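Overview (structure and organization)
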Amino acid sequence: MKLGKFLTAAALCGLFNVGTVFAQGTGAEGYFQIHNNTDQNTVVGFYTNDGSGWSDNWLSNRLKPGENARATFTANTGPCEQTFQVGWLGTDGGEVLDDPISIDICKASNVYLDDNEMYYD
């Protein structure tokens, strides 16, 4: 499978939970880890926008506090700069969307979702 340097929303292949972080990757290698570092909040949605509109939800399962997931994608064209938005499980069982933030997907190895902050390295 050829993994490219760039991500487009349509190029997403999958996101799945893993118990531990295996080899660290970067978007340039076609994958990165998403970490739910919150104490009590569950992630139910993870969306990207490369300027052409919001992607479908990357998550196939909820990401509970303390869990992480590996995001895997393939693409060989598209912008590295993406906007992403997280959906949290609301008290009514629905999805509450957080404010979108920018990310350089080609440089990301880890995306951290904290109670009041989202960042990557």
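Residues numbered from 1 in each chain as written. Predicted model: local features only at pLDDT ≥ 70, side-chain atom pairs only at ≥ 80, totals over all residues. Heavy atoms only, no water.

Side note on the overall build of the chain
For the chain, the helix and strand inventory stands at zero helices and nine strands. In sequence order, the chain lays out its α and β elements as β-β-β-β-β-β-β-β-β. By the burial criterion, 49% of the 121 residues in the chain qualify as buried. Within the chain, contacts between residues at least 6 apart in sequence are counted, and of these 68% link residues at least 24 apart. Surface accessibility of the chain: about 6200 Å² in total, with carbon and sulfur atoms responsible for 47%. (Helix = DSSP H or I, 4+ residues; strand = E, 2+ residues; numbered from the N terminus. Buried < 20%, exposed > 50% of the residue type's maximum accessible area, 1.4 Å probe, protein only. Contact = heavy atoms within 4.5 Å. Areas by Shrake-Rupley, 256 points an atom, 1.4 Å probe, with all protein chains shown as cover.)

Overview of the nonpolar core
Counting residues in each nonpolar core, the largest one holds 20 residues, and the members touching the most others are Phe-32, Ile-34, Phe-46, Phe-84, Val-86, Val-111 and Leu-113. Listing elements by their share of this core, those giving two or more residues are β2 (31-36), β3 (43-49), β4 (68-73), β5 (81-89) and β8 (110-113). Element by element, the count of residues in this core is highest for β5, at three residues. Residue contacts for Val-111: discarding those within four places in its chain leaves Phe-32, Gln-33, Ile-34, His-35, Phe-46, Phe-84, Ile-103, Tyr-119 and Tyr-120. (Core = buried A, V, L, I, M, F, W, Y, C linked by side-chain atoms within 4.5 Å.)

Digging into the pairing of β3
Burial analysis of β3 places seven of its seven residues in the buried class, which makes it a mostly covered element. As judged from the six bridges shared by β3 and β5, these two strands associate in the antiparallel manner. In the strand pairing of β5, Asn-49 is matched with Thr-83. (Pairing = 2+ DSSP bridges.)

A few points about the pairing of β2
Of all the six residues making up β2, six are buried; the element is thus mostly covered by neighbouring parts of the structure. Burial along β2 is two-sided: Tyr-31, Gln-33 and His-35 and Phe-32, Ile-34 and Asn-36, pointing in opposite directions, are all buried. For β2 and β8, the ladder comprises four bridges, and the chain directions are parallel. Considered in β8, the bridge of Gln-33 is made with Asn-110.

So, the environment of Tyr-31
In this fold, Tyr-31 is placed in strand β2. Residue Tyr-31 is classed as buried on the basis of its relative accessible area, which comes to 12%. Spatially, the C-alpha atoms of Tyr-31 and Ile-105 are 9.2 Å apart, while their sequence positions differ by 74 residues.

So, the packing of aromatic side chains
Two measures describe an aromatic ring pair: the distance that separates the ring centres and the angle between the ring planes. Scanning all chains against the criterion turns up four aromatic pairs. Between Phe-32 and Trp-58 the ring centres are 6.0 Å apart and the planes differ by 50°, which places this aromatic pair in the tilted class. Remark: Trp-58 occurs in the loop between β3 and β4 and Phe-32 occurs in strand β2; sequence separation between them is 26 residues. Assigned by exposure class, Phe-32 and Trp-58 land together as buried. Within the aromatic cluster, the residues linked to one another by ring pairs are Phe-32, Phe-46, Trp-58 and Phe-84. (Phe/Tyr/Trp six-rings, centres within 6.5 Å; stacked < 30°, edge-to-face > 60°.)

By themselves, these observations are geometric and do not establish any function.
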